Amino acid sequence: MKVVWPLVLLCCASTSALEAQVNITTGQWPPYLDQTKQDQGCVAVVIRDVFALSDIKVRFLFMPWERAYQEGMKAAYIGSAYWYYSEQRSKDYIYTQYPLTEETARFYHHRDLAFTYTSYADLKPFRLLLNQGLTYPPSMLEAIETLEIKTSYATYTSKNVALILRNRADIMVMDEKSAKSYQQELPAQEAQLLVAQAVPAFIQKGYLLINKHHSEYVKLYNEGLKKLWGDEDYVAQYRARCSRVFTD
């Protein structure tokens, strides 16, 4: 009689073994994720710190957001960082338990544009710039379709401000810290031309997505991030790191 159970156990153990280094796809979204910085952004630091608790190193692969999402589902990566919630993404990936960010998005435009935002209906006369691969609230997407708001899409968020200032689009929507990061890269005279609306466009939270083929990392990550978020000193350092770019 053949005994097959040791072989089965060996097979299962090998598929769930944790790696010494993991790969995570991401896109450019300063100050949270920034390939131009040595630490690669304040959110990248947190994710690395979480995995470091289990002696696992993290390698971030920067690419356009839509590609980052698709690549993150491949076996070479354990997931993608980081994303707002959407129903489709909850089917494609495993959402982790605790958010990395809570971001306030605003509408930005050239200061000479006569625009005041109170509701999505106010966008009707203008050309709205969005970004491929990013998440927008269903209510906003529904308004765009229902009101037939003119839209265009950019691949790289780093191009948004230039497209607005060159009149290639009228209004863009972006997290306020990311917009400020890009604005600070401009000459002072150009930076002053971009203004933000006082009423937020929306507020969303960002999460690490785990590849369904690598579910063994979910519990490890959730427990690690919960531990870091429970440390008041660590949270204060994280917030300072995310804001430092605006005070240097």
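On a predicted model such as this, the values are computed, not experimentally measured, just so you know. (Residues numbered from 1 in each chain as written. Predicted model: local features only at pLDDT ≥ 70, side-chain atom pairs only at ≥ 80, totals over all residues. Heavy atoms only, no water.)

For the chain, the count of helices and strands is ten helices and ten strands. If one aligns the C-alpha atoms of the chain with their principal axes, the spans along those axes are about 80 × 40 × 25 Å. The buried share of the chain, reckoned over its 248 residues, is 47%. Accessible surface computed for the chain: about 13,400 Å², of which carbon and sulfur atoms make up 52%. (Helix = DSSP H or I, 4+ residues; strand = E, 2+ residues; numbered from the N terminus. Buried < 20%, exposed > 50% of the residue type's maximum accessible area, 1.4 Å probe, protein only. Areas by Shrake-Rupley, 256 points an atom, 1.4 Å probe, with all protein chains shown as cover.)

The next point concerns helix H2 (residues 42–52). Of all eleven residues making up H2, eight are buried, and the element is well covered by its neighbours. Every buried residue belonging to H2 is among Cys-42, Val-43, Ala-44, Val-45, Val-46, Ile-47, Val-50 and Phe-51, and all of these are buried.

When you line up the elements, His-109 lands in strand S5 (residues 101–110). His-109 gets classed as buried once you look at its relative accessible area, which sits at 3%. Of the polar contacts made by the side chain of His-109, one reaches the side chain of Gln-197; its length is 2.9 Å. Every residue in contact with His-109, bar those within four places of it in the chain, is listed here: Phe-115, Ile-164, Asp-170, Ile-171, Leu-193, Leu-194, Val-195 and Gln-197. (Polar contact = N/O pair within 3.5 Å; in protein donor to acceptor, adjacent residues only side chain to side chain. Contact = heavy atoms within 4.5 Å.)

On to the state of the cysteines, then. As enumerated under the stated definition, the model contains one disulfide in all. One disulfide in the model links Cys-42 with Cys-242; its S-S distance is 2.1 Å. Because the torsion about its S-S bond is 100°, the bridge between Cys-42 and Cys-242 counts as right-handed. Taken together, the residues Cys-42 in helix H2 and Cys-242 in helix H10 (residues 232–243) connect sequence positions 200 residues apart. Like Cys-242, Cys-42 is buried. (Disulfide = S-S within 2.5 Å.)

By themselves these figures say nothing about function.
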